[in-house]
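Secondary and tertiary structure notes
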Amino acid sequence: MKLRVHLKENSYSIHIKKGILNAVSSFCLSYSKILLVTDSGVPKQYIDIVKKEIPHCLLFTLKKGEKNKNMQSANAILHQLFINNFDRHDLILAIGGGVVLDLCAFVASIYKRGMHYGSIPTTVLAQVDSCIGGKNGINYDSFKNGVGTFYHPKFVLIDPLVLDTLPKRHWNNGLIEALKMGLIHDKNLFDLIATKNIKKNIQSIIFHSLKNKIDIIEQDVHDIGIRQILNYGHTLGHAIESYCNFKVLHGEAVAYGMVLETKQNEIKEQLLQIYKKIHLKKIKPIPLTLLKPYIMQDKKRVHQSIIIPQINQIGSCQLVEISMNVFFKQMGDEIHE
Ligand SMILES: NC(=O)c1ccc[n+]([C@@H]2O[C@H](COP(=O)([O-])OP(=O)(O)OC[C@H]3O[C@@H](n4cnc5c(N)ncnc54)[C@H](O)[C@@H]3O)[C@@H](O)[C@H]2O)c1
């Protein structure tokens, strides 16, 4: 399966195929220097396959985890690039989850004002969502994605087989982004996740999630219009993640953000049913007052207003601008389980 993101000179292809890890070299033929970046949580067996494919690559392994998606890790990658004399036409190849991909895309975008970047996402979240779109970000203190750029890969290689080793909690983490995509833009995708066996249908879930995202980002790559619908559930989600010091996973936080940001009770109910079906980890209630400082830092806030997506029905939504006061009122006093 192949998808193409059409962004003029920044266009690129996404290749989705079981076992594609064993064909990485065919996508790297034009690169004599490659920095392969991963983290300590990505199983060694996948790194070994890639190293065998491209023996001339230099491997750099970061410490795993969201708390390492920061300037120190970005600096550590930059250091590798400088001491090994990489130039702008060499490749930084990220293999890992959204943390590694965000860090590598960010570094690739700033190293000598932009070097070549490719990615091999290995978590559900990275495969269904974060590997495309061009947004990257690192956390600044406790502010989620406080620093980042827009930058596009040269290619994305998705091997669904690598998900075999991914813990269940991380499967759910990624599925929430796919579910969000279904909720805002594609009823069939929503129904697929709601009713079918997830593992058996993962390739289709990945394909349709990315296809929908491409449709949206091709219309608004710089996130100034329609693309903001992708933020559904994220205003509260990001605040919960920051407040909990990233001990809650992105998808878990967004899942509860989606329920709270949804007005229709019957849709809320359907979401909760799906969370039950996949055994999503629950979040303890957090008073809204504690989340407010983080919500006020939200990039979507414009003075005293915020632009948020509102669901019309499953598969369709629109952007609305509401005052922060109204937003807080709609959320109620507490973030519930
Ligand atoms: N740039 C974007 O558009 C975008 C979109 C959504 C989320 N994100 C970001 O993505 C990040 C979350 O990404 P994530 O959920 O992939 O987390 P992650 O990158 O931390 O990966 C989760 C854990 O799984 C391990 N892992 C990776 N692949 C594995 C595999 N195949 N088998 C077993 N373990 C594996 C990792 O080492 C890590 O410990 C957040 O920082 C979020 O902000 C970015």
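Here's what I pulled together on the structure shown here. Just so it is clear, the model here is predicted, and its values are computed rather than measured. (Residues numbered from 1 in each chain as written. Predicted model: local features only at pLDDT ≥ 70, side-chain atom pairs only at ≥ 80, totals over all residues. Heavy atoms only, no water.)

1. Focus on the sheet that holds strand β9 (residues 155–158)
Spatially, β1-β2-β9-β6-β5-β3-β4 is the arrangement adopted by the seven strands of the open sheet, whose pairing is mixed. This sheet does not close on itself; its edge strands, each paired only once, are β1 (2–5) and β4 (58–62). Between one strand and the next, the sheet's axes are offset by a mean angle of 15 degrees, whatever the strand orientation. With six bridges connecting them, strand β5 (residues 91–96) and strand β6 (residues 116–121) associate as parallel partners. What sits directly across from Leu-91, in β6, is His-116. The strands touched by helix α3 (residues 98–110) are β3 (34–39), β4, β5 and β6; relative to β5, the strand with the most contacts, the crossing angle is about 165 degrees. (Pairing = 2+ DSSP bridges. Helix = DSSP H or I, 4+ residues; strand = E, 2+ residues; numbered from the N terminus. Axes fitted to C-alpha atoms, helices over the stretch in contact; angles between N-to-C directions. Contact = heavy atoms within 4.5 Å.)

2. Here we look at the packing of helix α8 (residues 234–243) against helix α9 (residues 250–261)
The contact between α8 and α9 brings their axes to 7 Å, and the two run at 135 degrees. Taken together, the axis directions place α8 and α9 in an arrangement best described as oblique. Along this stretch, α8 crosses α9, giving a crossing that reads as right-handed. Note on element contacts: α9 touches α8 through His-250, Ala-253, Val-254, Gly-257, Leu-260 and Glu-261, opposite His-234, Thr-235, Leu-236, Gly-237, His-238, Ile-240 and Glu-241. (Parallel < 35°, antiparallel > 145°, perpendicular 65-115°, else oblique. Left-handed = near helix turned anticlockwise from the far one by under 90°.)

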